[in-house]
Amino acid sequence: MTTYKIDIEPESTSVVWDKNNNRWSKQKSLWVCSYGKFKTIAWQEWQDLLLRFGPLTDNPPLPKEGEKFSTLNELERLPNGSVIMSDNEHYVFLKKGGGFQCTDPVIGTVKTAWFWGRPLDIILLKLGEDS
């Protein structure tokens, strides 16, 4: 993960997130963002973007407690100690040592691969502290 705090625009980065977790993507020489529900597009030059919305990062934000998410990437990036619930199967998991311990003793500890092919509708109950 890179955090950008200086006004030199990175050449190899085309997507960044600002301090408010908004996603900005580079289109030609400008940066564009869709703001939440309103879908308003704002165009900024790198220096203006950094000044108004920085610091910027190239790593997407983690979900907040109580939010649903549905990608394996988000699941894998959760820190140890995070507690999630599979909305459609009603299982609760604790992330520990890179694996997920399930409260159902029949399932036991699973890796992220266990979620492959299953409909992901995960709710983050508690964000872990090992980031």
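Residues numbered from 1 in each chain as written. Predicted model: local features only at pLDDT ≥ 70, side-chain atom pairs only at ≥ 80, totals over all residues. Heavy atoms only, no water.

Once that is clear, we can look at the pairing of strand β10 (residues 99–102). Pairing of strand β9 (residues 91–96) with β10, which is carried by four bridges, proceeds in the antiparallel orientation. From the neighbouring strand, Lys-96 faces β10, where its bridge partner is Gly-99. Taken together, β9 and the strand that follows it, β10, pair antiparallel across an intervening segment of two residues, in which Gly-97 is found at a positive phi of about 65°. Adjacent in sequence and paired antiparallel, β10 and strand β11 (residues 109–110) are bridged by six residues, among which Gly-108 carries a positive phi angle near 70°. (Pairing = 2+ DSSP bridges. Helix = DSSP H or I, 4+ residues; strand = E, 2+ residues; numbered from the N terminus.)

All right, on to the packing of aromatic side chains then. In the structure shown here, the tally under the stated rule is three aromatic pairs. Both rings, one in Trp-24 and one in Phe-53, keep their centres 5.2 Å apart while their planes meet at 45°; by these two values the pair is tilted. Here Phe-53 lies in helix α1 (residues 46–53) and Trp-24 lies in strand β3 (residues 23–27), a separation of 29 residues in the sequence. Neither Trp-24 nor Phe-53 differs from the other in exposure class; each is buried. Each ring, one from Tyr-91 and one from Phe-93, has its centre 6.4 Å from the other, and the planes form 80°; the classification is edge-to-face. A relative accessible area of 23% places Tyr-91 in the partly exposed class. (Phe/Tyr/Trp six-rings, centres within 6.5 Å; stacked < 30°, edge-to-face > 60°. Buried < 20%, exposed > 50% of the residue type's maximum accessible area, 1.4 Å probe, protein only.)

This part takes up the nonpolar core. Phe-69, Leu-75, Leu-78, Ile-84, Phe-93, Phe-100, Cys-102, Val-110, Phe-115, Leu-120, Ile-122 and Leu-124 form the largest nonpolar core, which has twelve residues in total. Once residues lying within four places of it in the same chain are set aside, the contact partners of Cys-102 are Tyr-91, Val-92, Phe-93, Ile-107 and Gly-108. Val-16, Trp-24, Ala-42 and Leu-49 belong to the second-largest nonpolar core, a separate cluster that totals ten residues. (Core = buried A, V, L, I, M, F, W, Y, C linked by side-chain atoms within 4.5 Å. Contact = heavy atoms within 4.5 Å.)

Take the environment of Gly-54 next. Along the chain, Gly-54 turns up in the loop between α1 and β6 (56–57). Sequence-wise, Gly-54 and Trp-17 are 37 residues apart; in three dimensions their C-alpha atoms are separated by 8.8 Å.

When pLDDT is averaged across the chain, the result is 82; 89% of the residues are at 70 or more. Within the chain, strand β12 (residues 122–126) carries the highest mean pLDDT (91), whereas strand β1 (residues 3–4) carries the lowest (70). (pLDDT = per-residue confidence, 0-100.)

Here the focus is the environment of Asp-121. Positionally, Asp-121 belongs in the loop between β11 and β12. Classification of Asp-121 by relative accessible area gives partly exposed; the value is 29%. When the C-alpha atoms of Asp-121 and Ser-70 are compared, they prove to be 5.2 Å apart, with 51 residues separating the residues in sequence.

A few words on the sheet that holds β11. Here six strands make up an open sheet; going across it, the order is β7-β12-β8-β9-β10-β11 and the pairing antiparallel. Edge positions in the sheet fall to β7 (68–69) and β11, since each has one partner strand and no second. In this structure, strand β8 (residues 83–86) lies alongside β9, joined through four bridges in antiparallel fashion. Bridge pairing in β9 places Ile-84 opposite Phe-93.

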